[in-house]
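Take a look at the letters that make up each chain.
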Amino acid sequence: MNNTNKVWKILHSKYLIKRPWLTARLDKLELPDGRIVPEYYVLEYPDWVNVIAITKNGLFVMERQYRHAAGCTCFELPCGVMEEGETPLEAAKRELAEETGYGGGEWKELMVLSANPSSMTNRTHSFLAIDVEKISEQHLDPTEELSVHLLTREEVLNLLRNNEMIQSLMVAPLLKYLAKEI
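Since the model is a prediction, treat every value here as computed from it, not as a measurement.

So, how was this worked out
Residues numbered from 1 in each chain as written. Predicted model: local features only at pLDDT ≥ 70, side-chain atom pairs only at ≥ 80, totals over all residues. Heavy atoms only, no water. Salt bridge = Lys/Arg side-chain N within 4 Å of Asp/Glu carboxyl O. Buried < 20%, exposed > 50% of the residue type's maximum accessible area, 1.4 Å probe, protein only. Helix = DSSP H or I, 4+ residues; strand = E, 2+ residues; numbered from the N terminus.

Colleague: Which residues make up the pattern of salt bridges, and what are the values?
Modeller: This model, assessed by the stated rule, comprises 10 salt bridges. Note that Arg25 and Asp27 form a salt bridge whose closest N and O atoms lie 2.8 Å from each other. As far as the burial class goes, Arg25 and Asp27 line up, both buried. Residue Glu133 pairs with Lys56 through a salt bridge whose shortest N-O separation is 3.7 Å. Highlighted residues: Glu133 in strand 10 (residues 124–134) and Lys56 in the loop between strand 4 (48–55) and strand 5 (60–67), separated in sequence by 77 residues. Classification of Glu133 by relative accessible area gives partly exposed; the value is 40%. Overlapping salt bridges bring together Glu83, Glu86, Arg94, Glu95 and Glu98 as one network.

Colleague: Before we move on, can you summarise unusual backbone geometry with the specific residues and values?
Modeller: Phi is positive for Asp131, close to 65°, though the residue is something other than glycine. As for its position among the elements, Asp131 is in strand 10. Taking the relative accessible area as the measure of exposure, Asp131 reaches 29% and is therefore partly exposed. The backbone of Asn163 shows a phi angle near 55°, a positive value even though the residue is not glycine.

So, in structure tokens, the structure goes:
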């Protein structure tokens, strides 16, 4: 296996749109073998975080909310965008507390993923928080409307079995965590 990192050279780059929640860039590239790619589109996003939060009683802290692009109300892990200057762990703790009112416990980073490394710049940092407890009320953003659900391990497995969780960046860390539990 050749592990050489063959970086593509950016010959020209321009922004097509640059908004807080949508930034699209058009690059003209030169490949390592000299070929030119005249149009390569890149979506720039800030890094994201999500949390598998489990209470002292062994219940998973989950959310259910409407996702407009998918047109459905979905079960999800607590999640959100990292704010400028935050570490992934700080962002994960903040998002869990803001969205669910849960916090505390023991934390560790479980994995780092990319939604689509061919066209998206950001990564998702997935955390595991064990022995969390209710510490406050929710502090939702103006456009957030979500309900918090405490689910058993079997109920979470059933969500996965029945395709009731569709966000791949949440399913992957859950499967990794649950596989270690087997």
